[in-house]
Amino acid sequence: MDITERFLNYTKFDTQSAEDSDTVPSTPKQVIFAEYLKKELESEGFSDVEMDDKAYIYATLKANIKGKIPTIGFISHYDTSPDCSGANIQAHIVKNYDGSDILLSEGIISSPKKFPELLQHIGEDLIVTDGHTLLGADDKAGIAEIVQAMCWLRDHPEVKHGDIRIAFNPDEEIGMGAHHFNVEKFGCEWAYTMDGGDVGELEFENFNAASAKIYMKGMSVHPGYAKGKMVNANMLATEFAQMLPADERPETTEGYQGFFHLLGIESNVESAKLSYIIRDHDRSKFEDRKRLIQKCVMQMNEQYGEGTVRAEVKDQYYNMKEKIDPQMHVIDLVLHAMQDCGVAPKVKPIRGGTDGAQLSFKGLPCPNIFAGGVNFHGPYEFVSIQSMEKAMRVIVRICELTAGFND
């Protein structure tokens, strides 16, 4: 089976996760795919194939060389985003893309005028959707690349490597992918998530992240007799929102700039709740942002009375750079592998999170490598077959280079 057939088989499964679920995985349809994947790994002859009670899958490609070689791992998630349907995906291949508009289905066009990223893949074979669902290259392309690389290494014993561990998990798209990942069972010195975007992307810096819930307590009085008595929680909510810097929002920031993002407001006269996420690459600035939230709460309570406003601020994850910097050989191996495979590295910070960030803080250094997909989480998502093949070759080369790590 080639990498294209493998990936297309994976897209036939709807594995959308759900944020409002309290189960693991968050949707039962993820388990259906996990069971399929487990059987596939067994049929390919890998060792130690296991699916635990939360549908995390682990397997091993055994070493074909003796000696003290680091055990490394490759990880991808199999859920797809709640942002767009992943049911009944109709994938098709655009052979030798010529840079023109792509007709996905009647009345739905993917155009390089709107998506200039397409022009970076002229001459390649693109897998696209019919414009009604996402494709699922995030992150089934990563899974296909990992499995294909392990099969290639299995079939080419002349390429020496140590034990290689692989793992596939649910619920990454809702921020829960690493929560039940068994790092001790995985047993690696370091690992890589194959969950990045276009060719060459390598990420080992991500946001520090927190959530903030701001609760407002108002007082409802008949509006005809409200003077000096009413406290309108709707107005408290808008006042609080205006206290945060207007130029530090997602729509006004880029690169290493952090932000406060107002996700939603629920309010009436008597009560209001604002839901924020707080993001910054710099740990010190991240802590300053959380302190600013509390400062705004204190100022409003001084004005309207103690207990009128309260905040619940919870850390979500931290910048993996803190854990990767002391072990930069993990990055150097990828850069070397990319160079050997003719891939130009694009090292950049993630303006978001990754399972690798949480895993790094659980003791498993885990940067993120490109999987080749573009325009994730929507119906214009696509992946180049050649990009997936390059990612597969990078995985193979990392394994080969690691075998000589202690030389």
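Structure's up top.
Residues numbered from 1 in each chain as written. Predicted model: local features only at pLDDT ≥ 70, side-chain atom pairs only at ≥ 80, totals over all residues. Heavy atoms only, no water.

Q: Help me understand the sheet that holds strand β15 (residues 346-347), please; the structure alone is not making it clear to me.
A: Strand pairing in a sheet relies on backbone hydrogen bonds. The paired strands run either parallel or antiparallel. What the 8 strands build is an open sheet, ordered β1-β2-β8-β3-β9-β16-β10-β15; its pairing is mixed. Looking at which strands have only one partner, the edges of the open sheet turn out to be β1 (47-51) and β15. Relative to strand β9 (residues 190-196), strand β3 (residues 72-77) is paired through 4 bridges, and the arrangement is parallel. From the neighbouring strand, F74 faces β9, where its bridge partner is Y192. Relative to β3, helix α3 (residues 137-155) is tilted by about 145 degrees, and along the sheet it contacts β2 (57-61), β3, β8 (164-169), β9 and β16 (368-370). Its contacts with the sheet put helix α10 (residues 385-403) on β3, β8, β9 and β16, and the angle it makes with β3 is roughly 155 degrees. (Pairing = 2+ DSSP bridges. Helix = DSSP H or I, 4+ residues; strand = E, 2+ residues; numbered from the N terminus. Contact = heavy atoms within 4.5 Å. Axes fitted to C-alpha atoms, helices over the stretch in contact; angles between N-to-C directions.)

Q: I would appreciate a short explanation of unusual backbone geometry in the present structure.
A: One can expect most non-glycine residues to show negative phi and most peptide bonds to be in trans. The omega angle of the peptide bond from V24 to P25 is -5 degrees, so this bond is cis rather than trans. Checked against the element boundaries, P25 lands in the loop between α1 (3-11) and α2 (28-43). A positive phi angle, near 55 degrees, is found at N88, a position not held by glycine. Relative to the helices and strands, N88 resides in the loop between β3 and β4 (92-94). Positive phi values are uncommon outside glycine, yet D171 reaches one of about 65 degrees. Looking at the element boundaries, D171 is found in the loop between β8 and α4 (183-186).

Q: Which parts of the structure should I look at to understand the side chain of K290?
A: As for its position among the elements, K290 is in helix α6 (residues 283-304). Classification of K290 as buried rests on a relative accessible area of 13%. Not counting chain neighbours up to four residues away, the residues in contact with K290 comprise A210, I278, V313 and D315. (Buried < 20%, exposed > 50% of the residue type's maximum accessible area, 1.4 Å probe, protein only.)

Q: I'm lost on helix α5 (residues 233-243) in this one. Help?
A: Along an α-helix, residues three or four positions apart point the same way, because every turn accommodates 3.6 residues. Listing the buried residues of α5 in full gives A233, L236, A237, F240 and A241. Buried residues along α5 cover an arc of 135 degrees about the axis, so they all sit on one side. What points out from α5, more than 90 degrees from its buried face, is the exposed set M235 and Q242. By the N-cap criterion, in which a side-chain oxygen at the helix start approaches the backbone nitrogen of a residue two or three places on, α5 is capped by N232, the distance to N234 being 2.9 Å. (Arc of directions from axis to C-beta. Polar contact = N/O pair within 3.5 Å; in protein donor to acceptor, adjacent residues only side chain to side chain.)

Q: Would you mind going over the packing of helix α8 (residues 329-340) against α10 with me for this structure?
A: The geometry of a pair of packed helices is captured by two quantities: the angle between their axes and the separation between those axes. Where α8 contacts α10, the two axes come as close as 9 Å, and the packing angle between them is 125 degrees. Considering their axes alone, α8 and α10 lie oblique with respect to each other. The chirality of how α8 crosses α10 is right-handed. Residues L333, V334, H336, A337, M338 and D340 of α8 touch α10, and the partners they reach there are V394, R397, I398, L401 and T402. Considered class by class, the residues forming the contact of α8 with α10 number 7 nonpolar, 2 polar and 2 charged. (Parallel < 35°, antiparallel > 145°, perpendicular 65-115°, else oblique. Left-handed = near helix turned anticlockwise from the far one by under 90°. Nonpolar A, V, L, I, M, F, W, Y, C, P; charged D, E, K, R; others polar.)

Q: What's the story with the state of the cysteines in this structure? I'm lost.
A: Disulfides are covalent bonds that connect the sulfur atoms of two cysteines. In total, this model carries 0 disulfides according to the counting rule given. The structure places no disulfide on C151, whose sulfur is separated from the nearest cysteine sulfur, that of C399, by 13 Å. You can call C151 buried: its relative accessible area is 5%. Between C366, a cysteine without a disulfide, and C188, which holds the nearest cysteine sulfur, the sulfur-to-sulfur distance is 9.1 Å. C366 sits in the buried class, given a relative accessible area of 0%. (Disulfide = S-S within 2.5 Å.)

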